[in-house]
Amino acid sequence: MSQKGLSLMTIYDVSEKAGVSIATVSRVLNGNANVKPKTKKKVMDVIEEYGYTPNAFARGLGLNTMNTIGILCADSSDLYLAKAVYYIEQLLRENGYNSILCCTGYDTATKKSSMELLLSKRVDSVIMVGSNFISDISEENQYIRDAAQQVPIMLLNADFDYPNVYCTLCDDYKSILEATQFLFQSGAQNVLYLYNSQSYSGLKKLSGYQSAVLQSGHDFRPEYIQLYQGEREDIEAITDFLIQLNANGLDFDGIIASDDILAMGAIKYGRYKGLFMPDDFAVIGYNNSLLTSCCEPPLTSVDSKLNTLCVQLVKTQMGVLTGTDMPQKVIFSGELIKRGTTRS
């Protein structure tokens, strides 16, 4: 006896009740021939029994499809996020998909309402750009779990273990660990870690710095970890922040910055103090952005492989939407690009 109308079924519910993966359900809905008849029957029996109305995956068959992907981005003025959105939109267009972009800011309620807006537009999937969408407070991630029961969720540079959520990220922990070790090996003794975000990525970078200090045989000193909480793009304010730290008695001959904008403030600090780079003072940034060539000497920075990440994310996206089994997590290694703000 059909239970149609008794509850709102999702593709996640169908996969659970049929005892198969979400990708298998997707293949059945898309008419993929690579499904055993017995497995197909299990899926179709559940669909019939519970009256499941296919949503995003069935639209791949041409049923009211918009061929549209939703994109959530916290801040489109951020150099890293803006470039990521550009890459992703270009790649989606090459694959025949349009996109709807919502800039959410960093408030959880706004992120949730933006997700709901995209789902109401019947997008085929949602891409969440940046690690700030993942909170260390489990309840704040519930809207992502709810959305994943309706459409595939793609995360760029964040890790979230949940069915129908796919993550493509850079190993920020290892990248900062290796960058910090390099700075110590180059002769720096007092290396300050400067960061401006406590996102998933930000905390991984922080952990990498801490591990590098201990592995390099240096004493761990909490005062050498500094969170800058001012305007993200105010380089003068970043410089003033470092000047004040030094005036309060904190001496440092090297800075690892969690992004290139913070590193630019560090370079200006070095010039203010009359320090010669890289012999007296060394700086390493992160993301290998266009800012690396906008200073003298050019900035050493970690290339977080953003273009590679975006290509893989969209590749995973297209595979999921066509019912192909895709990895739920792909991790790439960053690369330290050495320039004039560090010794060779």
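Look up: the structure comes first, before these words.
This is a predicted model, so every value here is computed, not measured.

1. What to know about the packing of helix H8 (residues 172-185) against helix H9 (residues 200-215)
A pair of packed helices can be characterised by two numbers: the angle between their axes and the separation between those axes. Two numbers describe how H8 lies on H9: the axes approach to 7 Å, and their chain directions differ by 35°. For H8 against H9, the interelement crossing comes out right-handed. For the pair H8 and H9, contact is made by Asp172, Tyr173, Ile176, Leu177, Thr180, Gln181 and Phe184 and by Ser201, Lys204, Lys205, Ser207, Gly208, Tyr209, Ser211, Ala212, Val213 and Gln215, respectively. A breakdown of the residues in the contact of H8 with H9 according to their chemical character gives seven nonpolar, seven polar and three charged.

2. Focus: the pairing of strand S8 (residues 254-257)
Residue alternation in S8 divides its side chains into two sets, Gly254 and Ile256 and Ile255 and Ala257, and both sets are buried. Pairing of strand S6 (residues 191-195) with S8, which is carried by four bridges, proceeds in the parallel orientation. Residue Tyr193 lies in a different strand from S8, and its bridge partner there is Ile256. In this structure, S8 lies alongside strand S9 (residues 282-286), joined through three bridges in parallel fashion. Within the sheet, the bridge partner assigned to Ile255 lies in S9 and is Val283.

3. A look at the layout of surface pockets
By volume, the largest pocket is sized at about 700 Å³. What lines the largest pocket is a set of 38 residues, among which Asp78, Tyr80, Leu81, Asp259 and Asn287 lie closest to the centre. Listed by contribution, the elements that provide at least two residues to the lining of the largest pocket are helix H5 (79-94), H9, helix H11 (260-272) and helix H12 (306-321). Top contributing element to the lining of the largest pocket by residue count: H5, with six residues. By residue class, the composition of the lining of the largest pocket is 12 nonpolar, 16 polar and 10 charged. Residue assignment for the lining of the second largest pocket shows that the elements contributing at least two residues are helix H6 (108-120) and H9. Residue classes in the lining of the second largest pocket are distributed as eight nonpolar, nine polar and four charged.

How each quantity is defined
- Residues numbered from 1 in each chain as written.
- Predicted model: local features only at pLDDT ≥ 70, side-chain atom pairs only at ≥ 80, totals over all residues.
- Heavy atoms only, no water.
- Axes fitted to C-alpha atoms, helices over the stretch in contact; angles between N-to-C directions.
- Helix = DSSP H or I, 4+ residues; strand = E, 2+ residues; numbered from the N terminus.
- Left-handed = near helix turned anticlockwise from the far one by under 90°.
- Contact = heavy atoms within 4.5 Å.
- Nonpolar A, V, L, I, M, F, W, Y, C, P; charged D, E, K, R; others polar.
- Buried < 20%, exposed > 50% of the residue type's maximum accessible area, 1.4 Å probe, protein only.
- Pairing = 2+ DSSP bridges.
- 1 Å grid on protein atoms, 1.4 Å probe; cavity = no way out; pocket = protein on both sides within 12 Å on 5 of 7 lines; lining within 4 Å.
- Points joined across faces, edges and corners; volume = space filled by probe spheres on them.

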